[in-house]
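# A structural walkthrough
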Amino acid sequence: MNTSKQATSSNEEDIELFQRYQATKVLDDNGKILATDRSLRNDLAERNARLVTFVINKFYSKKPRHKELRNDLLQEGHLGLFDAIDGFKPELGFKFSTYATWWIRQSVNSYLLDEEPLLHIPSHIRTARNKLFGLLKERSMSFKEVSKDLLDEIGMTEKMFASVTAAVKTKTWLCQSLDAPVSSSIDKNLRDIIPGDDLDLSVIVDNKKIAEAAKAAFEKLSLRERCVLLERYGIDCTNIVQEEQGK
Amino acid sequence: MNHKYITITEGEDYRTIATKMTDLGYKMNHATARNILLSGMRKFVGNIASELGCSMSESDSQRLVMRQDIHEVIGDVLTLCLKEQQEELISCPVANQQ
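A brief structural summary. Being a predicted model, the structure only gives us computed values, none of them experimental. (Residues numbered from 1 in each chain as written. Chains lettered and ligands numbered in written order. Predicted model: local features only at pLDDT ≥ 70, side-chain atom pairs only at ≥ 80, totals over all residues.)

### With respect to the overall build of chain B
In terms of helices and strands, chain B carries five helices and zero strands. Secondary structure elements of chain B occur, N-terminal to C-terminal, as α-α-α-α-α. Sequence-distant contacts in chain B: of pairs separated by 6 or more residues, those separated by 24 or more amount to 36%. (Helix = DSSP H or I, 4+ residues; strand = E, 2+ residues; numbered from the N terminus. Contact = placed C-beta atoms within 7 Å.)

### Focus: the interface of chain A and chain B
Quite often, the size of an interface is put as the accessible area lost when its parts meet. Every contact between the two is made by 25 residues of chain A and, on the other side, 29 residues of chain B. Looking at the side of chain A that touches chain B, the elements with two or more residues in it are α11 (201-219), α12 (223-232) and α13 (238-246) of chain A. A total of nine residues in the side of chain A that touches chain B trace back to one element, the largest contributor, which is α11 of chain A. Classifying every residue of the side of chain A that touches chain B gives 15 nonpolar, four polar and six charged. (Nonpolar A, V, L, I, M, F, W, Y, C, P; charged D, E, K, R; others polar.)

### A short note on the nonpolar core
Within the largest apolar cluster, 23 residues are counted, with the highest numbers of intra-cluster contacts made by A214 and V228 of chain A together with A33, M41 and F44 of chain B. Counting only elements with at least two residues in this core, the list comes to α11 and α12 of chain A together with α1 (14-23), α2 (30-51) and α4 (68-91) of chain B. Residues in contact with M41 of chain B, not counting those within four places in the same chain, are L229 of chain A together with V65 and I74 of chain B. Judged by nonpolar contacts, the second largest core, of 17 residues, contains A84, F88, W103 and V108 of chain A. (Core = buried A, V, L, I, M, F, W, Y, C linked by C-beta atoms within 7 Å. Buried ≥ 20, exposed ≤ 12 C-beta atoms within 10 Å, placed from the backbone.)

### Side note on the packing of helix α5 (residues 70-87) of chain A against helix α6 (residues 96-115) of chain A
Residue and element names in this part refer to chain A. Running from amino to carboxyl end, α5 crosses α6 at an angle of 135 degrees, the nearest separation of the two axes being 7 Å. On the basis of the axis angle, α5 is oblique to α6. Helix-helix and strand crossings are classified by hand; for α5 and α6 the assignment is right-handed. Touching L73, E76, G77, L79, G80, L81, D83 and A84 of α5 are Y99, A100, W103, I104, Q106, S107, V108 and Y111, all from α6. Among the residues making up the contact of α5 with α6, the classes are represented as ten nonpolar, four polar and two charged. (Axes fitted to C-alpha atoms, helices over the stretch in contact; angles between N-to-C directions. Parallel < 35°, antiparallel > 145°, perpendicular 65-115°, else oblique. Left-handed = near helix turned anticlockwise from the far one by under 90°.)

Dropping the structure here:
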């Protein structure tokens, strides 16, 4: 989306548009939006699209990973902007940009947290963990010093605390995918070199013995026989012929 | 019953093998390819047995190579054998430097 050429929003026009947009909302008993004027919402989103770029540039432009994901972050930011448009109440007297910035940041942060670790920690556990750590930092306490009174104070159950403890102990940055290559020079995955439980040592030794015997037996065959045998099993023997001819 | 042709689940048929071998400079037709394959397999099975310290008569090896399951197993053994060779190349520092 090219944001540079879009019209900047003036405050009065925005308020009027938001008031019109609010009038089109159809809500259910729980306050959930059932239907709205989509074109008006799109109009509001286009008018405030530069805010997303501004937020991304301000908060998510330093880290290389954020630079890599810039387009994704912009898209997530726009989703946050739509949420902000749905929830904004102009009658409270606050500026839309103040309200929308938080929604955009929330949407982008949520995307980044879901995207980054290999082991997913649910968002409600993450929120509880951040709340607890915020309080511990405020009181200069360590995680080991958490008591039942402190948990009661922030309204955290013991079950939730157990989940938070598990999340803290999960060192997601140490995790590696089994499909990750061992190194750039070796074309093998971690899955290929990690020993499995299903194959015992005697089978490995037997396989090695058979492979050695087969290798020796194979080398005793003539080149023509070796080639026909390999071709029968779909293994290309051009290299073998070329090597032999080279000798 | 004496089978001359055995079908395997993966791999090339005799006509394709004959064409490829002809391209490589070994002129042959499909029947020759089959005969070379069967004699090669007989020798291969016999050689493996002797390498493992067993004795196998000519008729035993002849009987073995006429079985489809043995053909499938030889495919696995050949793959294992080539895999071992490749692993040796990977673990060999001189080969890696080259």
